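Chain by chain, the residues:
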Amino acid sequence: MSDQRGPAGTRQPAAGAVRPAPEAHRLDTDAQTVPDLAGLLRQLRRREARQQGETPLTYRQLAARTGWSRGVIGEYFAGNILPPPERFDTLIRLLGATPTEQGALATARDRVEERRRHTDPDHPAPGRSARTTVRTRSGGTRAGTPAARVPVPRQLPPALPGFVGRAAQLDQLDTGCTGHDMPGRAGPTSTMVLSGTAGVGKTTLAVYWAHRVADRFPDGQLYVDLRGFDSTGAVVTPTEAVRGFLEALGVPPDRVPTHLSAQVGLYRSLLADRRMLVLLDNARDVDQVRPLLAGSPNCLCLVTSRHRLAGLITAEGARQITVDLLSTGEAWQLLARRLGADRLTVEPAAVDEMIERCVRLPLALAVLSARGAAHPTFPLATIVAELREAPRLLDSFDGGDTGTDVQAVFSWSYRNLTPPAARLFRLFGCHPGPDTGVAAAASLAGLPRSRTARLLAELAHAHLLTEHAPGRFAAHDLLRAYAAELAERLEPAEDRQAAVQRGLDHYLHTAHAAALLLQPGRDPVVPVAARPGVVPEDLADHGRALAWFTAEYPVLLAAVSQAGRNGFDGHAWQLAWALVDFLQRRGNWPELAVAQQAALAGARRAADLPGQANAHRDLARALNRLGRVDEAVEHYRQALALFGGLGDHTGQARTHRAFGAMLDGLGRYAEALEHAQRALALYRAAGHLAGQASARNAVGWAFARLGRYGPALDHCSRALALLCSTGDRHGEANTWDSLGFIHDRLGHHRQAIRCYGRALVLYRRIGDRYDEADTLTRLGGTRQALGDLHGARRTWRRALAIFGELDHPHAARVRDLLTRPAAEGTAAD
């Protein structure tokens, strides 16, 4: 019977309303015959409408008043399902049956129930779904031939032997299943979605967990592979899936309704009073899933998909559970189950590299472990060597069929993208990695930022990218390799090169501006001109510049190498130049050395003398911090020669300043003073105020190290006065630190503490962790000199914590201060 819809706002009787019926409209419930119960319900519905002079109550209105689904109500009126007693009583009262009719109708329902029991011994007890009857062409019903007993469906695929890990996801699944093992009690959700990238093990997890909780669903488990990302493209339609479910539930093929809406209604009616688990595997989108949801709080639907299926979370209240890459420990467990723990123990380094190259992706690990299991006498190192030497990384992960070929599995997700999103994914093969922000991705693709944000959301929805932090997107190495291969195959060479340049332009121009915000007194370089479509990020102040560097510096380091590989030598040395102050303040000396070596190589290839001079000086700075003093001296000398040949006074001055700082660290104070004085003279000749302030501080510091505290105090005080007009907070912090040292040596300990305090505030504000720890070390010594041993130890502990975070060798020196006898009196602090 179709769902007749009355006009909006039609007045309907309240639930439970009872009116006397005229004699002419009495219902025929003759006790001598088996009544057509559905016909009586339809008659009652029409009579109620005639008495009110209105259209009959629609199924939607009845559903709103009862809380039942429209599909179930339709099946009651069609005669396909016998309503349970409590529902039947509610329905006839709602339709206006008189008290006398209510009793007669209840008796009639019992007679129908009794007849079905006699004709079908396996007919379910009241309160359970009844056997299906068949609609006639005229719209009535006829009793069907008693069907054979329908077994409880157990459709789950076999669980994977040796399942490992996934404790967090299993806990979330168990939480979502709470309450489903108790009859009459609904769980916290009726739908859960497992989503994750291709090959991450969603189906394996879902099937394992479904077997683990199968006993909580005594009426059975339904399963369908929806093939949302199948290699053949043969996606299972909702009609195909629901017909399969109806067949599993015992509905004969000739009794399955024609239209999907009727099929769904019958499917949900049959599940209405059952406790069943429905596993919808490999779903493509929400539209494919929604008709297959059980619609009953007694049942639980578990969906797996490479997409997030956000519509189910929003509209259906589904609980989403993300399935990510395995942890390193879980990856070890997986390999141990398949290859044997003893075999892994013999070659731990090979196993670690295998896991790293598989990026902890279960499918990739399974492919390699199958290869290892096929050759149990081969060392695992041979498999790792194949991975290392393969010209194309993904060639190593072909399991022999499309279901276990990692590249093929990735392709099923890729081909479902819109063309603009597919292009953006390909261009990620031109990005230096490891992650990107929205603005950088927009420059890479030459697209507006707002449009790029939508495309990134599409890629994240498909789990081809992961939004691992707000506005930052990443892909693991295998997906990046797949993107690079697609770009090489589908993007013309000139388009790939243009994308690489746009990406490098974005990072260079943003980094250059950020570097000048970190160190306002620094002399800028002239960045390479940017291509059309590049929009550098707008960094308004020091704080935003520092935050940008903190998020982007791994990308910038990768960009320096990429620039060198792709012939963008100017980008290479200028990006490395922009990184100097940030990496120095963090104490990232190894990274700074690698960047400057790449910068120097690029500047030499381009015959760029200013680039070579800058790279020599900044490489020397890093090598000195790494203890490679002789190499550092040579690079400083080459930098001075190049800057001298170019007539670049400020370049020479900056190099003398850095060279002198290195000599100071070596205890060669007189030589350090000489270089500081040369720097001051050059800066004065160039009229460079910020440089003069920095050089005066260096001169004052060198005098202090030589014990000449009068001239030291004079130079540092004059430096501080100059700094007031430059905005150089780093130079100001350095100068306050120098003044603290001078006052400490003069015995002015409280004044020294105040100066050190001013320096620490500035170092923290600009994010200079190394100098903060260095100043804390000296402050601890001043506190000890005042007799404040507790304060000294507390300060040294703070310094030790920072040096420890930076993995800096100065940590040993501070640790020694904490263990000296002078501090033993504070052991309890």
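These lines cover the structure that appears in this document, whether it is placed above or below.

Basis of the calculations
- Residues numbered from 1 in each chain as written.
- Predicted model: local features only at pLDDT ≥ 70, side-chain atom pairs only at ≥ 80, totals over all residues.
- Heavy atoms only, no water.
- Helix = DSSP H or I, 4+ residues; strand = E, 2+ residues; numbered from the N terminus.
- Buried < 20%, exposed > 50% of the residue type's maximum accessible area, 1.4 Å probe, protein only.
- Areas by Shrake-Rupley, 256 points an atom, 1.4 Å probe, with all protein chains shown as cover.
- Phe/Tyr/Trp six-rings, centres within 6.5 Å; stacked < 30°, edge-to-face > 60°.
- Lys NZ or Arg CZ within 6 Å of the ring centre and 35° of its normal.
- Pairing = 2+ DSSP bridges.
- Axes fitted to C-alpha atoms, helices over the stretch in contact; angles between N-to-C directions.
- Contact = heavy atoms within 4.5 Å.
- Core = buried A, V, L, I, M, F, W, Y, C linked by side-chain atoms within 4.5 Å.
- Salt bridge = Lys/Arg side-chain N within 4 Å of Asp/Glu carboxyl O.

In terms of regular secondary structure, the protein is built from 36 helices and 10 strands. Across the 829 residues of the protein, 53% fall into the buried class. Of the roughly 34900 Å² of accessible surface on the protein, a fraction of 51% belongs to carbon and sulfur atoms.

Let's shift gears to the packing of aromatic side chains. Tallied over the full model, the rule gives 14 aromatic pairs. Judged by centre distance (6.1 Å) and plane angle (50°), the ring pair of Phe425 and Tyr482 falls under tilted. Of the two residues, Phe425 is situated in helix H18 (residues 419-427) and Tyr482 in helix H21 (residues 477-490); the sequence distance between them amounts to 57 residues. Each member of the pair, Phe425 together with Tyr482, is buried. Between the aromatic rings of Trp589 and Tyr770, the centroid separation amounts to 6.4 Å while the plane-to-plane angle is 80°, which identifies the pairing as edge-to-face. With Trp589 in helix H25 (residues 589-605) and Tyr770 in helix H34 (residues 769-785), the pair connects residues that are 181 residues apart, well separated along the chain. Of the aromatic side chains, those joined through ring pairs into one cluster are Phe410, Tyr414, Phe425 and Tyr482. Its guanidinium or amino end placed over the ring of Phe77, Arg45 lies 5.3 Å from that ring's centre, counting from NZ or CZ.

Burial analysis of strand S6 (residues 300-305) places six of its six residues in the buried class, which makes it a mostly covered element. Covered by surrounding structure in S6 are Leu300, Leu302 and Thr304 together with Cys301, Val303 and Ser305, the residues of both alternating faces. Here five bridges tie strand S3 (residues 191-195) to S6, and the two strands are oriented parallel to one another. Opposite Leu194, over in S6, you have Thr304 as the bridge partner. Examined bridge by bridge, strand S5 (residues 277-283) and S6 share five bridges and lie parallel to one another. Paired with Leu277 across the bridge in S6 is Leu300.

Here the residue pair Gly433 and Pro434 is connected by a cis peptide bond, since its omega of 5° sits within 30 degrees of zero. Inspection of the secondary structure puts Pro434 in the loop between H18 and strand S8 (435-437). Look at Val359: it is not a glycine, yet its phi comes out positive at around 50°. The topology assignment puts Val359 in the loop between helix H14 (348-357) and helix H15 (362-374). Note on Val359: relative accessible area 9%, which makes it buried. Unlike most non-glycine residues, His463 shows phi in positive territory, near 60°. The exposure class assigned to His463 is buried, which follows from its relative accessible area of 10%.

Before going further, it helps to examine the sheet that holds strand S10 (residues 472-474). What the three strands build is an open sheet, ordered S8-S10-S9; its pairing is antiparallel. Edge positions in the sheet fall to S8 and strand S9 (466-469), since each has one partner strand and no second. Taken pair by pair, the neighbouring strands of this sheet meet at an average axis angle of 40°, ignoring direction. Pairing analysis gives three bridges linking S9 to S10, with the strands arranged antiparallel. Across the sheet, residue Glu467 finds its bridge partner in S10, namely Phe473.

A separate point is the sheet that holds S6. Strands sit in the order S4-S5-S6-S3-S7 across an open sheet of five strands; the sheet is parallel. The two strands at the open ends of the sheet, each matched to only one other strand, are strand S4 (221-225) and strand S7 (319-322). Sheet twist, expressed as the average angle between the axes of neighbouring strands with direction ignored, equals 15°. The strands touched by helix H7 (residues 202-212) are S3, S5 and S6; relative to S6, the strand with the most contacts, the crossing angle is about 160°. Against the sheet, helix H8 (residues 238-248) makes contact with S4 and S5, and its axis sits at roughly 150° relative to S4, the strand it touches most.

Topologically, Asn588 is positioned in the loop between helix H24 (569-586) and H25. By relative accessible area, Asn588 is classed as buried at 11%. Ignoring sequence-local partners within four residues, the contact set of Asn588 consists of Tyr553 and Leu583.

Among the nonpolar cores identified, the biggest contains 139 residues, and Trp209, Phe425 and Phe549 are the most heavily contacted of them. Considering each element in turn, this core owes the most residues, 11 residues, to helix H23 (residues 542-565). In contact with Trp209, other than residues within four places in its own chain, are Leu170, Leu173, Asp174, Cys177, Met192, Leu277, Leu300 and Leu302. Counting residues in each nonpolar core, the second largest holds 47 residues, with Ala695, Leu776, Ala799 and Val814 among its members.

Let us look at the side chain of Glu485. Relative to the assigned elements, Glu485 resides in helix H21. Taking relative accessible area as the criterion, Glu485 reaches 17% and is therefore assigned buried. Once residues lying within four places of it in the same chain are set aside, the contact partners of Glu485 are Arg392, Leu394 and Gln407.

Following the criterion strictly, the structure yields 24 salt bridges and no others. Between Asp737 and Arg778 there is a salt bridge, and its shortest N-O distance comes to 2.7 Å. Taken together, the residues span a long stretch of sequence, with Asp737 in helix H32 (residues 729-745) and Arg778 in helix H34 at a distance of 41 residues. With a relative accessible area of 5%, Asp737 lands in the buried category. Ionic pairing is found between Glu805 and Arg769, a salt bridge with its closest N-O pair at 2.6 Å.

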